[in-house]
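# Geometric and topological summary
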Amino acid sequence: MRRSVAVTAHRGASGEYPENTAAAFQAATDLAVDAIEFDVRLTRDEGLVVIHDDSVDRISDGEGRVADMELARILELDAGGERFLTLEQALDLMPGDMRLNVHLKATDTDRDRLVPLVVDELVRRDLLATAFVTGSEANMLSARRVLPEIEICTNLSVPRC
């Protein structure tokens, strides 16, 4: 039996460019990867920001927990010569046929707000055929409650991811 391999750019081309930034996503697109994985968190004012960590400390010139910060403040920070992106900005950069692995970084305190906002944006952009969501079991269950047909990817269920 022959198996195919899909190349996924984790946080964009994060080995060469600041993770989860426009430069990393463009480089991944230029490399013609099969999919791009990126992370989404909720800010204090309910903005959707593309960042892996729960704080901006490791990858920017700022300090603080994403959940405690306003989106506008996060977008002003220097993230390795790049800027952080909103979910909308990140999706604007993606080619229409790019497979998207959207990692929901919701916590127990913001899950009921973050997950529906992300799912709604994917639906609004008609991306359900090319995007799937991943994250903790609780986040996947939440996504399925919001939209039962959304494609998910977990360690227990690996549909086309």
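For the structure, check the block above.
In this report, the structure presented in the accompanying data block is examined. Here the structure is a predicted model, which means the values were calculated and not measured.

Further remarks concern the environment of G80. Structurally, G80 can be placed in the loop between α2 (71–76) and β4 (85–86). A residue is classified by how much of its surface remains accessible, and G80, at 57% relative accessible area, is exposed. Separated by 20 residues in sequence, G80 and L100 place their C-alpha atoms 23 Å apart.

This part takes up the packing of aromatic side chains. In total, this model carries one aromatic pair according to the counting rule given. Where F25 meets F38, the ring centres are 5.9 Å apart and the plane angle is 65 degrees; that geometry is what we call edge-to-face. Here the residue F25 occupies a position in helix α1 (residues 22–30), and F38 occupies one in strand β2 (residues 35–42), the gap between them amounting to 13 residues. Under the relative-accessibility criterion, F25 is labelled buried at 1%.

Take the pairing of strand β6 (residues 131–135) next. Counting buried positions along β6 yields four of five residues, so the element is predominantly enclosed. Summarising the sheet, strand β5 (residues 99–104) and β6 pair through five bridges and their orientation is parallel. Each residue of the ladder has a partner; that of V102, found in β6, is V133. Crossover handedness for the path β5 to helix α4 (residues 111–124) to β6: right-handed. Relative to strand β7 (residues 152–153), β6 is paired through two bridges, and the arrangement is parallel. Note on β7: the bridge partner recorded for V133 is I152.

On to α1, then. Every buried residue of α1 is accounted for by A23, A24, F25, A27 and A28. Contacts made by the buried residues of α1 are with β1 (8–10), β2, β3 (48–50), β4 and α3 (87–93). One or two steps after α1, the chain reaches A32, where phi turns positive at roughly 60 degrees.

Attention now goes to the pairing of β2. For β2, the buried fraction is high: eight of the eight residues fall into the buried class. By the alternation rule, side chains of β2 split into A35, E37, D39 and R41 and I36, F38, V40 and L42, which are all buried. Sheet analysis places β1 next to β2, joined by three bridges and oriented parallel. In the sheet register, T8 faces β2, and the bridge partner there is A35. Read from β1 through α1 to β2, the crossover connection turns out right-handed. Examined bridge by bridge, β2 and β5 share six bridges and lie parallel to one another. Bridge pairing links E37 to N101 in β5. Joining the antiparallel neighbours β2 and β3 is a turn of five residues, in which E46 adopts a positive phi near 65 degrees.

Let us look at the pattern of salt bridges. Counted under the stated rule, the structure contains 13 salt bridges. In this structure, R73 engages E76 in a salt bridge whose closest nitrogen and oxygen atoms are separated by 3.6 Å. Remark: E76 and R73 occur in helix α2; sequence separation between them is three residues, near one turn of the helix. Judged by its relative accessible area of 41%, R73 is partly exposed. For E76, a relative accessible area of 52% puts it in the exposed group. Its salt-bridge partner being D92, residue R125 comes within 2.8 Å of it at the nearest N-O pair. Taken together, the residues span a long stretch of sequence, with R125 in the loop between α4 and β6 and D92 in helix α3 at a distance of 33 residues. Since its relative accessible area comes to 24%, R125 is described here as partly exposed. Judged by its relative accessible area of 56%, D92 falls in the exposed class.

Each value, and the rule that gives it
- Residues numbered from 1 in each chain as written.
- Predicted model: local features only at pLDDT ≥ 70, side-chain atom pairs only at ≥ 80, totals over all residues.
- Heavy atoms only, no water.
- Helix = DSSP H or I, 4+ residues; strand = E, 2+ residues; numbered from the N terminus.
- Buried < 20%, exposed > 50% of the residue type's maximum accessible area, 1.4 Å probe, protein only.
- Phe/Tyr/Trp six-rings, centres within 6.5 Å; stacked < 30°, edge-to-face > 60°.
- Pairing = 2+ DSSP bridges.
- Right-handed = clockwise from strand over helix to strand, strands pointing away.
- Contact = heavy atoms within 4.5 Å.
- Salt bridge = Lys/Arg side-chain N within 4 Å of Asp/Glu carboxyl O.

Worth remembering: the numbers are spatial, not functional.
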